[in-house]
Amino acid sequence: MNKQLQQGGDFSARLAAGIKSIQWPLIALGMILLFNLIFTEGFFEISIQNGRLVGSLMDLLKRAAPRLIVALGMTLVIATGGIDISVGSIAAIAGALAVLVIRGGDITYLATQDTSTVSILLVILVALSAAAVCGLFNGLLVSVVKIQPIVATLILMVTGRGMAMLFTGGYVLNYDHPGYKSLGVGDWLGLPIPIYIAIFILIVLAVLTNRTPLGLLIQSTGGNETASRYSGTNTTLVRILVYVIAGVCSGVAGIIFTADVQSADAAFIGLWIELEAILAVVIGGTSMAGGRYSLAGTVVGALIIQTLITTLLTRAVPVQFTLIFQAAVVVVVLMLQSPRVKEMTFKRRARKEASTHA
Amino acid sequence: MRDAALKRDSFIKRNLTIIAPTLVFIVFFIIGGILFRNFFTLRVLLNLLTNNAFLGLAAVGMTVVIISGGIDLSVGAVISTTAMVIAVLDRSGVAAPLAIAIAILFATGLGFLMGLMIQYFEAPPFIVTLAGMFFARGLGYVLSLSSIPVKGPFYHAMSTAGLRFEGGAKLTVPAMIFLFVVLVTWYLLKYTKFGRTCYAMGGNEQSAFLMGLPVPRTKVLIYTFSGFCSGIGGLVYVFFTLSGYGLAAIGLELQAIAAVVIGGTLLTGGFGSVIGTLMGVGIRGTIQTFITFQGELNVYWTPIFVGLLLFLFILLQKAFVAGTKLGK
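Within any chain, residue numbers begin from 1 and follow the written order of that chain's sequence. Ligands are numbered from 1 and chains lettered from A, in the order in which they are written. Two thresholds apply to this predicted model, a pLDDT of at least 70 for residue-level local features and 80 or more for giving and counting side-chain atom pairs, whereas whole-chain, interface and lining totals are computed over all residues. With hydrogens and water excluded, all non-hydrogen atoms of the structure serve as input to the side-chain values.

**Student:** Looking at this model, I keep getting lost on the overall build of chain A. Mind explaining?
**Tutor:** For the purposes of this entry, the term helix denotes a DSSP run of H or I that reaches at least four residues, the term strand denotes a run of E that reaches at least two, and both are numbered from the N terminus. Along the backbone of chain A there are 15 helices and six strands. With the radius of gyration taken over C-alpha atoms, the globule rule is written as 2.2 Å times the number of residues to the power 0.38. Whereas a compact globule of 358 residues would reach a radius of gyration of roughly 21 Å, chain A reaches 22 Å, a difference of no more than 12%. If one aligns the C-alpha atoms of chain A with their principal axes, the spans along those axes are about 85 × 55 × 50 Å. When burial is assessed residue by residue, chain A has 48% of its 358 residues classed as buried. For chain A, the exposed surface amounts to about 17,100 Å²; the carbon and sulfur share of it is 66%. In this tally, Lys and Arg are treated as positive and Asp and Glu as negative; His is ignored, and so are the chain termini. A charge is said to be at NZ when it belongs to Lys, at CZ for Arg, at CG for Asp and at CD for Glu. Here chain A contributes 23 positive and 16 negative side-chain charges, whose respective centroids are spaced 14 Å apart. Each residue's exposure class comes from its accessible area (1.4 Å probe, protein chains only) as a fraction of the maximum for that residue type: buried when under 20%, exposed when over 50%, partly exposed otherwise. Here the accessible surface of atoms and residues is derived via Shrake-Rupley with a 1.4 Å probe, and residues count as covered only by protein chains that are part of the display.

If you want it as structure tokens, here you go:
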């Protein structure tokens, strides 16, 4: 009984600490939501149509799901002090391959397709294996060949999209496969499937990093690679592993993207998603220098970006302004995180304290 | 005699990053001449310069940034938006010199602001220039979502002008501007205090600062210069296509980085040359011309070949750095 209580206290203390560590992104998200509650009519309205929940919030969560998945993988890579700018190309490869398998290798443009009977497990297996191999390639370049991460992943970013375009012959390939399609547009218990996929991946990664030593090893590798190697961490393996995880996450996003629009357009699958993912990670409070990360922060970061975009769209701000708003968000976040601004606020606080004491 | 050999050795070693890409370029061009008829001509060579002029201009600015140990992801967006600004001003009847001045001032100003943020807020260049890219692209989209034709007589004159040679070869205005900027940048890097500070910063920023070099000012100047180069790139884009388009030059920043790396500039900074970048742009262009001449290969092979070459050159750099202990 006593022990149980203690555990409960431990849990709530940990929860409080967890919330405190991501308080700023949470406050930002809360402010955007509050703004919508007051000024955007019907933002929180959810109705039930044909047995599924419909509304701006549902749309927001569904759109955020694939981006969040990529951002989660990216969080672990950035936590080791690395970066992966090839995630968009990996998503394109996985998505293009999946559609190719569904079509039985047929890349004739606009060919009439019978309903495909290819096993969905085979499709997912092929797509995710390809994504994992891409991640492995990145990981080997970074950890064994020791190329800086941005350059190492640049190679696959340049090459990968070309390969995806080759897979589809440069065409927008459509397909007919109800099972695969449902991964993007289907719903279960009223909620879109992509949301379940994102939650599943979040849980897997959270368990992997909290219940096994992996999280600690990632932090120590990012914090001080030499020191962690001397203390017995196989940093090479840790680095390879995070790139493989990021690759698989991108592959999952590629599957959701192609399932959502029921076609594969290799030129646009996951285009610019690397930038959105990095943005979500940074807004979520993960340090670009490595060593400190927060999966929960990334969830909030991805939600902030998507909420901002949905807010702009529902308030009839033209689409073309969203990029400028995103740029403004980055600038504000960077200024808040910059040592100079921190120093200034600390000085002011110190002065205030000094004056109250005097 | 041994001295002469040593001297030659050190000359090769010092300039290896220029010699290697130059050789690769020459070999590629000769292979093209053997494989295809009409490839080994002045016309193909000059077309290479014209077709890659705006990419090349961005790569020149990028070279300076990378030598100093930074990165600039905004170049593609700045090119497209500069062209867009010129196109919009042209449509509303603003005279060409004024329109060009405003557009290039915009590009240079954006570079300056990014430099300020990187220097004074100590933000990583990667993220700051990413925000710059979002901003420039967004501004381009706000100006217009569709392609705007440029009709001013000055631009038309510039797009057809050039030095003609026999065999249909032509040194166009974009090619001339590109070569001129390459020469100016080569001089800046090699013979001025600004250039030496760039190399010193790339080698070790802290040491450069402690040596009394003007690191803060140079850092802001470097990104301003890169913005300026992309601005000129935007102008060249207008001469080349006679239009402005918000979706133009997507992904160009990565091609520019690839050209710089293939051109022998170390991505860790402190080592490299703009002449190498000229060759890197040439190598990339030659691969593209190969694929056009070959006719059967899909255009999607271009990024794959460029990526493979990038991979090869990065491995070579690795071996080179390990061999000379240039690395840290």
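**Student:** Got a minute to help me understand the overall build of chain B in this structure?
**Tutor:** Per the secondary structure count, chain B includes 15 helices and four strands. Here chain B has a C-alpha radius of gyration of 20 Å; the compact-globule value for 328 residues is 20 Å, and the two agree. Seen along its three principal axes, the alpha-carbon backbone of chain B occupies a region of about 65 × 55 × 30 Å. Among the 328 residues that make up chain B, the fraction classed as buried is 56%. The criterion used for residue contact is that any of the two residues' heavy atoms lie within 4.5 Å. In chain B, the share of contacts with a sequence separation of at least 24, taken over all contacts with a separation of at least 6, comes to 77%. With an accessible surface of roughly 14,200 Å², chain B has 69% of that area assigned to carbon and sulfur atoms. With 21 positive and 9 negative side-chain charges, chain B shows a separation of 4 Å between the mean positions of the two kinds.

**Student:** What is the right way to read the side chain of threonine 75 of chain A from this model?
**Tutor:** Its location among the elements puts threonine 75 of chain A in helix H3 (residues 56–79). Not counting residues up to four positions away in its chain, the partners in contact with threonine 75 of chain A are Val281, Thr286, Tyr293, Ser294, Leu295 and Thr298 of chain A.

**Student:** Could you clarify how one ought to interpret empty space enclosed by the protein in this entry?
**Tutor:** The gaps left among the atoms become clear once a water-sized probe is rolled over them. All names here are of chain A. Put simply, the grid is 1 Å and covers the protein atoms alone, a cavity is a trapped set of points that fit a 1.4 Å probe, a pocket is an open set with protein on both sides within 12 Å along at least five of seven lines, and lining residues have an atom within 4 Å of a point. Grid points are joined across faces, edges and corners, and a volume is the space filled by probe spheres set on the points. Scanning all chains against the criterion turns up two cavities of 30 Å³ or more. Looking at the largest cavity, its volume works out to about 60 Å³. What lines the largest cavity is simply Arg67, Ala71, Glu276, Ala277, Ala280, Ala302, Ile305 and Gln306. Those elements that place two or more of their residues in the lining of the largest cavity are H3, helix H12 (273–283) and helix H13 (295–314). Throughout, the ten residues Ala, Val, Leu, Ile, Met, Phe, Trp, Tyr, Cys and Pro are labelled nonpolar, Asp, Glu, Lys and Arg are labelled charged, and all others, Gly among them, are labelled polar. Residue classes in the lining of the largest cavity are distributed as five nonpolar, one polar and two charged.

**Student:** Sorry if this is basic, but what is going on with the nonpolar core here?
**Tutor:** Soluble globular proteins: nonpolar side chains tend toward being buried together. By nonpolar core we mean a set of buried residues, namely Ala, Val, Leu, Ile, Met, Phe, Trp, Tyr and Cys, connected to one another through side-chain atoms within 4.5 Å. In this structure, Tyr180 of chain A together with Tyr155, Phe178 and Ile257 of chain B are the most contacted members of the largest nonpolar core, which totals 205 residues. Discounting chain neighbours no more than four positions away, the residues touching isoleucine 257 of chain B are Leu154 of chain A together with Met62, Ile66, Ile71, Leu73 and Leu267 of chain B.

**Student:** Would you mind showing me how to read the pattern of salt bridges here?
**Tutor:** Side chains carrying opposite charge are able to pair once their charged atoms draw close together. Each salt bridge in this description consists of a side-chain nitrogen of Lys or Arg and a carboxyl oxygen of Asp or Glu lying within 4 Å of one another. According to the stated counting rule, one finds six salt bridges over all chains in the structure shown. A salt bridge links aspartate 59 of chain A to arginine 63 of chain A, with the nearest nitrogen and oxygen atoms 3.2 Å apart. Separated by four residues within a single helix, aspartate 59 of chain A and arginine 63 of chain A lie in helix H3, roughly one turn from each other. The exposure class of aspartate 59 of chain A is partly exposed, given its relative accessible area of 35%. Of the charged contacts, one joins glutamate 205 of chain B and lysine 219 of chain B as a salt bridge, the two residues approaching to 3.0 Å between their closest N and O atoms. With glutamate 205 of chain B in helix H11 (residues 205–210) and lysine 219 of chain B in helix H12 (residues 215–241), this pair connects stretches of sequence that are 14 residues apart. For glutamate 205 of chain B, a relative accessible area of 32% gives the class partly exposed. Take lysine 219 of chain B: its relative accessible area is 15%, and that puts it in the buried class. Taken together, the shared-partner salt bridges in this structure form one network comprising Glu225, Arg229 and Arg239 of chain A.

**Student:** Where do I start with the confidence of the model for chain A in this structure?
**Tutor:** By definition, pLDDT measures how confident the predictor is in each residue, and it falls between 0 and 100. Across chain A, the average pLDDT comes to 83, with 91% of residues at 70 or higher. Counting interchain partners and residues more than four positions distant, the pLDDT-below-50 stretch residues 1–7 of chain A has zero contacts.

**Student:** How should I be thinking about helix H6 (residues 149–168) of chain A in this particular structure?
**Tutor:** Each full turn of the α-helix corresponds to 3.6 residues, which orients residues three or four apart in the same direction. All names here are of chain A. Expected helix span is computed as 1.5 Å times (number of residues minus one). Counted at 1.5 Å a residue, the expected span for H6 with its 20 residues is 28 Å, and the 28 Å between its end C-alpha atoms agrees. Considering bend angle alone, the principal kink of H6 is centred on threonine 159 and spans about 25°. Of the residues flanking the end of H6, it is glycine 169, one or two places downstream, whose phi is positive at about 65°. Note on bend: at a given residue it equals the angle between the axes fitted to the 7 residues ending there and to the 7 starting there.

**Student:** Which parts of the structure should I look at to understand unusual backbone geometry?
**Tutor:** Among all residues except glycine, the phi angle is most often negative; among peptide bonds, the trans geometry is most common. The phi torsion at lysine 146 of chain A lies on the positive side, around 60°, for a residue other than glycine. Checked against the element boundaries, lysine 146 of chain A lands in the loop between helix H5 (120–143) and H6. Unlike most non-glycine residues, asparagine 38 of chain B shows phi in positive territory, near 65°. By the secondary structure assignment, asparagine 38 of chain B is in the loop between helix H2 (16–35) and helix H3 (42–51).

**Student:** Sorry if this is basic, but what is going on with the interface of chain B and chain A here?
**Tutor:** Accessible area lost during the coming together of the parts is what is often quoted as the interface size. Listed by partner, the interface residues are 39 residues for chain B and 41 residues for chain A. Simply put, the buried area is the total loss of 1.4 Å probe accessible area from both parts when two parts are fitted together. Counting the surface lost from both chain B and chain A, the interface buries some 3,700 Å², and carbon and sulfur atoms represent 86% of this. Its largest share of buried area at the contact with chain A, chain B owes to Phe121, Phe134 and Tyr300 of chain B, together 19% of the area lost on that side. A 3.5 Å cut-off defines polar contacts: any pair of N or O atoms within that distance qualifies, except that in protein one atom must be a possible hydrogen donor and the other a possible acceptor, and neighbouring residues in sequence count only when both atoms are side-chain atoms. Where chain B packs against chain A, one counts one residue pair in polar contact (both at pLDDT 80 or more). The biggest single contributor to the side of chain B that touches chain A is helix H7 (residues 125–143) of chain B, with 13 residues. In terms of residue class, the side of chain B that touches chain A is made up of 32 nonpolar, four polar and three charged.

**Student:** Even after reading the chapter, I still don't get the layout of surface pockets, so can you show me in this structure?
**Tutor:** Size it by volume and the largest pocket reaches roughly 1,700 Å³. Along the wall of the largest pocket there are 45 residues; nearest its centre are Gln148, Pro149 and Ile150 of chain A together with Leu267 and Thr268 of chain B. Listed by contribution, the elements that provide at least two residues to the lining of the largest pocket are H5 and H6 of chain A together with H7, helix H10 (193–203), H12 and helix H15 (301–324) of chain B. Looking at the lining of the largest pocket, the element that brings in the most residues is H15 of chain B, giving five residues.

**Student:** I tried to follow the environment of asparagine 47 of chain B on my own but got confused; where do I start?
**Tutor:** All names here are of chain B. Relative to the elements of secondary structure, asparagine 47 occurs in helix H3. With relative accessibility at 34%, the residue asparagine 47 sits in the partly exposed group. Counting along the chain gives 273 residues from asparagine 47 to phenylalanine 320, while the straight-line C-alpha distance between them is 33 Å.

**Student:** Help me out: how do you make sense of a nonpolar patch on the surface in this one?
**Tutor:** Each patch is built from salt-bridge-free residues with over 30% relative accessible area, joining like charges within 9 Å and nonpolar side chains (Val, Leu, Ile, Met, Phe, Trp, Tyr) within 5 Å. A cluster of nonpolar side chains, Leu34, Phe35, Leu37, Ile38, Phe39 and Phe44 of chain A, forms an exposed patch at the surface whose accessible area comes to about 610 Å². Overall, phenylalanine 44 of chain A belongs to the partly exposed group, its relative accessible area being 34%.

**Student:** How should the environment of aspartate 106 of chain A be read in this particular structure?
**Tutor:** Assignment of secondary structure puts aspartate 106 of chain A in the loop between helix H4 (87–102) and H5. Taking the C-alpha atoms as reference, aspartate 106 of chain A lies 43 Å from threonine 286 of chain A; in sequence the two are 180 residues apart.

**Student:** What should I look at first to understand helix H4 (residues 53–67) of chain B in this one?
**Tutor:** For H4 of chain B, with 15 residues, the first-to-last C-alpha span of 21 Å sits near the 21 Å given by 1.5 Å per residue. Positive backbone phi, approximately 90°, marks glycine 69 of chain B, located one or two places after H4 of chain B.

**Student:** Can you walk me through the packing of helix H6 (residues 96–120) of chain B against H12 of chain B in this structure?
**Tutor:** For any two helices packed against each other, one specifies the crossing angle of their axes together with the interaxial distance. All names here are of chain B. With axes taken as lines fitted to C-alpha atoms, and helix axes fitted only over the stretch in contact, angles between N-to-C directions fall between 0 and 180 degrees. Two elements in contact, H6 and H12, have axes separated by 7 Å at closest approach and are oriented at 150°. With respect to their mutual orientation, H6 and H12 come out roughly antiparallel. Along this stretch, H6 crosses H12, giving a crossing that reads as right-handed. The segment H6 lies against H12, with Ile100, Ile104, Ala107, Thr108, Gly111, Phe112, Gly115, Leu116, Ile118, Gln119 and Tyr120 engaging Pro216, Lys219, Val220, Tyr223, Thr224, Gly227, Phe228, Gly231, Ile232 and Leu235. Orientation categories follow fixed angle ranges, with anything under 35 degrees roughly parallel, anything over 145 roughly antiparallel, 65 to 115 roughly perpendicular, and all other angles oblique. Two helices that cross are described as forming a left-handed crossing if the nearer one is turned anticlockwise from the farther one by less than a right angle, and a right-handed crossing if clockwise.

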